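Summary of structural features
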Amino acid sequence: MAEAHQAVAFQFTITPEGIDLQLSYQALNQIYLSGVRSWKKRVSRMRNSLIKGVYPASPSSWLFVVIAILATMYMRSDPSMGLITKIQQHLPLRYTENTQMTSVFTLVFSTLLWLSLILALRFCLKLLLSYHQWMFEQHGRVSNVTKVWVTLLRLLSSRKPLLYSYQTSLPHLPVPPIKDTVSRYLQSVRPLLTDPEYKRMTELANHFELNLGNRLQRYLKLKALWATNYVSDWWEEYIYLRSRGPIMVNSNYYGMDFLYVTPTPVQAARAGNTITALLLYRRKVNREELKPTRVPGTVIPLCAAQCERMFNTTRTPGDQTDVLQHWQDSEFVAVYHKGRYFRLWVYRAGRLLSPREIEYQIQRILDDLSPPQPGEDKLGALTAGDRMPWSRMRKQYFSSGINKRSLDAIERAAFFITLDDEEQGMRGEDPAGNLDRYAKSLLHGKCYDRWFDKSFSIVIYKNGKSGLNAEHSWADAPTVAHLWEYTLATDAFQLGYTEDGHCKGDVDRTLPMPQRLVWDIPSEAQVCISLAVAQALADDVDCHVFPFREFGKGRIKKLRVSPDAFIQIGLQLAYYRDRGGFCLTYEASMTRLFREGRTETVRSCSNESSAFVKALENGEEKAQPLFRLASERHQNLYRLAMTGAGIDRHLFCLYVVSKYLGVESPFLKEVLSEPWRLSTSQTPVQQMELFDLKNNPEFISLGGGFGPVADDGYGVSYIIVGEDMINFHVSSKHSCSQTVSNTFVSFISQCVYMHSLVRLQP
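Per chain, residue numbering runs from 1 following the sequence as it is written. In keeping with the model being predicted, local features are shown solely for residues with a pLDDT of at least 70 and side-chain atom pairs are shown and tallied solely at 80 or more, while totals for entire chains, interfaces and linings include all residues. With hydrogens and water excluded, all non-hydrogen atoms of the structure serve as input to the side-chain values.

Along the protein, the regular secondary structure elements total 25 helices and 20 strands. Burial status follows relative accessibility: with a 1.4 Å probe on protein chains alone, a residue under 20% of its type maximum counts as buried, one over 50% as exposed, and anything between as partly exposed. For the protein, the residues scored as buried account for 55% of the 762 residues in total. If you take every contact in the protein between residues at least 6 apart in sequence, the share linking residues at least 24 apart comes to 78%. Here a helix means four or more residues in a row that DSSP labels H or I, a strand means two or more in a row labelled E, and each is numbered from the N terminus. Residue contacts are defined here by distance: any two heavy atoms, one from each residue, within 4.5 Å place the two residues in contact.

Below, the discussion takes up helix α15 (residues 431–444). In a helix, the anticipated span is given by 1.5 Å times the number of residues less one. Over its 14 residues, α15 extends 20 Å from the first C-alpha to the last, a length consistent with the 20 Å expected when each residue adds 1.5 Å. In terms of burial, α15 is a largely internal element, ten of the 14 residues being buried. For α15, the set of buried residues is Gly433, Asn434, Leu435, Asp436, Tyr438, Ala439, Ser441, Leu442, Leu443 and His444. Those residues of α15 that are buried lie in contact with β3 (253–256), β11 (456–460), β12 (466–470), α18 (532–540), β14 (541–548) and β18 (704–706). Phi turns positive, to about 55 degrees, at glycine 445, one or two residues after α15.

Tracing the backbone through its elements, the reader meets serine 441 in helix α15. Exposure remark for serine 441: the relative accessible area of 7% places this residue in the buried category. If we ignore the near neighbours within four places in the chain, the residues touching serine 441 are Asp420, Glu422, Gln424, Arg450 and Tyr461.

If you trace the six strands from one edge of the open sheet to the other, you get β14-β20-β19-β17-β15-β16, paired in mixed fashion. Edge positions in the sheet fall to β14 and β16 (599–603), since each has one partner strand and no second. Put simply, the sheet's adjacent strands are angled 20 degrees from each other on average, direction ignored. Strands qualify as paired when DSSP identifies two bridges or more between them. Across five bridges, strand β15 (residues 585–590) lies against β16 in antiparallel orientation. Following the sheet pairing, alanine 588 is matched in β16 by threonine 601. Axes here refer to lines fitted to C-alpha atoms; in helices the fit is confined to the stretch in contact. Angles between the N-to-C directions go from 0 to 180 degrees. Helix α20 (residues 563–579) contacts β15, β17 (678–682), β19 (714–721) and β20 (725–733) of the sheet and is inclined by roughly 145 degrees relative to β19.

Of all the residues in helix α14 (residues 401–411), the buried ones are Asn403, Ser406, Leu407, Asp408, Ala409, Ile410 and Glu411. Buried-residue contacts for α14 involve β4 (313–316), β5 (323–326), β6 (332–337), β7 (340–345), α13 (387–397) and β10 (416–419).

With respect to the helices and strands, aspartate 195 occurs in helix α8 (residues 195–210). Aspartate 195 gets classed as exposed once you look at its relative accessible area, which sits at 54%. Two N or O atoms count as a polar contact when they lie within 3.5 Å, although within protein this holds only if one can serve as hydrogen donor and the other as acceptor, and sequence-adjacent residues are included solely when both atoms are side-chain atoms. At 2.4 Å, the side chain of aspartate 195 and the side chain of arginine 190 are in polar contact.

We now examine the pairing of β3. Along β3, one buried face is formed by Tyr253 and Gly255 and the opposite face, lined by Tyr254 and Met256, is buried too. With four bridges connecting them, β3 and β12 associate as antiparallel partners. Counted as the bridge partner of methionine 256 is glycine 467 from β12. The pairing of β3 with β18 spans three bridges and is antiparallel. Paired with tyrosine 254 across the bridge in β18 is glycine 705.

Most often, soluble globular proteins have nonpolar side chains that are buried together. Only buried residues count toward a nonpolar core, which is a set of Ala, Val, Leu, Ile, Met, Phe, Trp, Tyr and Cys residues joined through side-chain atoms within 4.5 Å. Within the largest apolar cluster, 82 residues are counted, with the highest numbers of intra-cluster contacts made by Ile362 and Phe415. Setting aside chain neighbours within four positions, we find phenylalanine 415 in contact with Ile275, Leu278, Leu279, Phe311, Val333, Ala334, Lys454, Phe456 and Ile458. In terms of nonpolar packing, the next biggest core, distinct from the first, is built from 59 residues, Met135, Tyr166, Ile178 and Ala305 among them.

It is worth spelling out the packing of aromatic side chains at this point. Centres within 6.5 Å make a pair out of two Phe, Tyr or Trp rings, where for Trp the six-membered ring is used; the pair is then stacked when the planes are under 30 degrees apart, edge-to-face when over 60, and tilted otherwise. For the coordinates displayed, the defined rule picks out 35 aromatic pairs. Judged by centre distance (5.3 Å) and plane angle (75 degrees), the ring pair of tyrosine 55 and tyrosine 166 falls under edge-to-face. Taken together, the residues span a long stretch of sequence, with tyrosine 55 in the loop between α2 (25–54) and α3 (61–74) and tyrosine 166 in the loop between α6 (144–156) and α7 (178–189) at a distance of 111 residues. Of the two residues, tyrosine 55 and tyrosine 166, neither departs from the other in class, the shared state being buried.

Excluding any residue in a salt bridge, patches collect residues exceeding 30% relative accessible area, merging like charges within 9 Å and nonpolar Val, Leu, Ile, Met, Phe, Trp and Tyr side chains within 5 Å. Only the protein chains shown count as cover for residues, with accessible areas throughout obtained via the Shrake-Rupley method and a probe of 1.4 Å. Definition used for salt bridges: Asp or Glu carboxyl oxygen within 4 Å of a side-chain nitrogen of Lys or Arg. A cluster of nonpolar residues, Trp62, Leu63, Ile67 and Leu107, forms a patch on the protein surface that exposes about 360 Å² of accessible area. The greatest single-element share of the nonpolar patch, amounting to three residues, is contributed by α3. In this structure, leucine 63 sits in helix α3. Classification of leucine 63 as partly exposed rests on a relative accessible area of 48%.

All right, on to the sheet that holds β6 then. A sheet is described by the order of its strands in space; here eight strands give the open sequence β13-β7-β6-β10-β11-β12-β3-β18, paired in mixed fashion. Only two strands of the sheet have a single partner each, and these edge strands are β13 (515–516) and β18. Contacts from helix α16 (residues 477–495) reach β3, β11 and β12, with the element oriented near 160 degrees to β12.

Tallied over the full model, the rule gives 35 salt bridges. Ionic pairing is found between aspartate 322 and arginine 244, a salt bridge with its closest N-O pair at 2.8 Å. Here the residue aspartate 322 occupies a position in the loop between β4 and β5, and arginine 244 occupies one in the loop between α10 (232–241) and β3, the gap between them amounting to 78 residues. Per residue, the accessibility class of aspartate 322 equals that of arginine 244, and both read buried. Arginine 348 is the salt-bridge partner of aspartate 508, the closest N and O atoms lying 2.8 Å from each other. Of this pair, aspartate 508 sits in the loop between α16 and β13 while arginine 348 sits in strand β8 (residues 347–348); the two residues are 160 residues apart in sequence, bridging distant segments of the chain. Overall, the relative accessible area of 14% leaves arginine 348 in the buried class. Among the charged side chains, a salt-bridge network with shared partners connects Arg244, Arg315, Asp322, Arg387, Asp453 and Glu471.

Another aspect to go through is the environment of aspartate 453. Looking at the secondary structure, you find aspartate 453 in the loop between α15 and β11. The spacing of aspartate 453 and glycine 380 is 73 residues in sequence and 9.3 Å in space, taken between C-alpha atoms. Other than its neighbours up to four places away in sequence, aspartate 453 contacts Ile247, Thr314, Arg315, Pro317, Thr383, Arg387, Trp390 and Glu471. At 2.8 Å, the side chain of aspartate 453 forms a polar contact with the side chain of tryptophan 390.

A cis amide bond links tyrosine 55 to the next residue, proline 56, at an omega of 15 degrees. Along the chain, proline 56 falls in the loop between α2 and α3. In this model, asparagine 312 sits at a positive phi of 55 degrees, which is unusual for a non-glycine residue. Residue position: asparagine 312 is located in the loop between α11 (267–287) and β4. The backbone phi angle of cysteine 447 is positive, close to 80 degrees, even though this residue is not glycine. Position of cysteine 447 among the secondary structure elements: in the loop between α15 and β11. Residue cysteine 447 is classed as buried on the basis of its relative accessible area, which comes to 0%.

For the rest of this paragraph, the subject is the confidence of the model for the protein. Confidence of the prediction at every residue is given by pLDDT, a number between 0 and 100. In this model, the protein carries an average pLDDT of 89, and 90% of its residues clear a pLDDT of 70 or more. Contacts from residues 754–762, a stretch scored under 50 in pLDDT, to residues over four places away or in other chains number 26 contacts.

A separate point is the pairing of β20. In terms of burial, β20 is largely enclosed, as nine of its nine residues are buried. Burial along β20 is two-sided: the residues Met725, Asn727, His729, Ser731 and Lys733 and Ile726, Phe728, Val730 and Ser732 are all buried. Note that β14 and β20 share eight bridges and pair antiparallel. Opposite aspartate 542, over in β20, you have serine 732 as the bridge partner. Inspection of the sheet shows β19 paired to β20 by seven bridges, in the antiparallel sense.

Put into structure tokens, the structure is as follows:
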């Protein structure tokens, strides 16, 4: 193979005359330049470690402290109050010149003073970031304490931070008092239970609080003192990695392309720009050049830990639990096309290939007419089905030899690319139906043409449309959404295309061919690659995407109501009209105000929201004030969840402790077995400035969605785009006769616009 020969830097032949050594200077040059790139990255990481290690101070501040101390010493003053003399007595240094000795000890003291000041500044910053009362103050009524807090926080954050500069200054997630958690839980289930059911649950909760709960709480507080975050590691392990069912549909989620625009109809060109944009984002992450994400409209930073495993990461299956494997770097991506797998090198001689060169390489793959090897075309189905069969197959057939090398090429790739042979998007005579098919394609595809274990997989369709499918264990949707926003904006506005739809730039036509991965899958293994489980799951999913164009957050804000609360109350009303009652409702909230924070649950079905829905359905005049109470209650629940005072993560961790101790809790067992029949999530737009919707209104993102959590429930994702649009993604299962995604979307539309909420406007 040509690429194999080019990879050889030298060859030697043993002859009777001796050893004949043949050097390939081109290959040696490639190795040298790749090594230079690697060392540049190491130096950059060392530099960034120093900068973020002293934040909010700067490395140059050391020189300022040294000069200040030396100046005061020159003025015959001792700023150390005798400490320099003490240091002089204890350090084993002797000089003939007393001045030299004094200068050395002054430098030692100055360095210690500088380090002490840094620790003090970081401690102050951590105290400031631990203040969350600002979130509970009414808009326009800011207390004096909060004003002082904002001033101090701005002062300490005045230096330009790197991506991870705030990490060590973020507070740890607090463990809420068990009494508060139990009380909030009982309030959350009150609208869902009859009086006898609520009385029984209250007795269970009180018995737990007064007996076993306190014992479990002590262990949890001990973990909180020891661990960076008392929730995140258990959440990742027990909710995601230990799940033995398929991650396709059940865990993975998707993100869509622009709604109205496809920047180019050329599949290879779209792939070229998309891959380039993703690698530029990776470069920013590696160099920590991305600005830390902040709470919208504030200077308050959010935890950036989830960015660390964004690229070069794969979930590998195990018998009892999966493992997330992350590699420091990868110079290639894995590509799938018509049943074949390829390794595409995206760097050459330490240089990132241009978008035009990547397009050229992608086109070579598209033009390759070679057939799949036996068992290769459906290989991806192993990542779509149950985890234990995949684990056994991996150990038996992919743990050595050529299969292991090819599997390593996929798993160690920066990310995975599928060149889909279908066309997708809102097009043709049935745009609504095509949007639904587009969503299903991104959620599960053909069940074998995605690699669901990769941290994320990019799909490029035949007509140039794109999308992604993301694995959930390593990060939550906002982190992936930030990546995808940057990718779409860079593709469309920064890199751009020529008039005929191709990538810009020149092509080095001496580039080696993309490497076709080789497999040796025996016939007995081919029989074990089954689509049955994954295909049944995919066929059962009912997806409906609904762009709501009547109004957006601009009109909602005129009501002086949170857009999120407005939509959540609308979802409660829609569910009530669809099913004739209320259900346990999950809304994902973030806890990234804390170090290594992930999510918390907002239980959106409250006493106040159910009272409003009932009053509205009964035609009562008091519906409007009840709506105000419901929206304020929802906002308060959201704030509590964000500030570490939620319900579900605390109870989940108490349950994990009980399992470790080998004790049973009827209360915890019942709480954690309750089904979430309405699972919801908002995908926030975090970088609106990248799109400039005023001048480019057609570049509207569709957001993304996920599968239903309960077999008889709905999964609802929504994205508020600009001032005048809300996109909904609704999923359910065909196997449940009570849930129809299209019907539920019609109820959402009615409840949000036609009948109820808008007419509450004064």
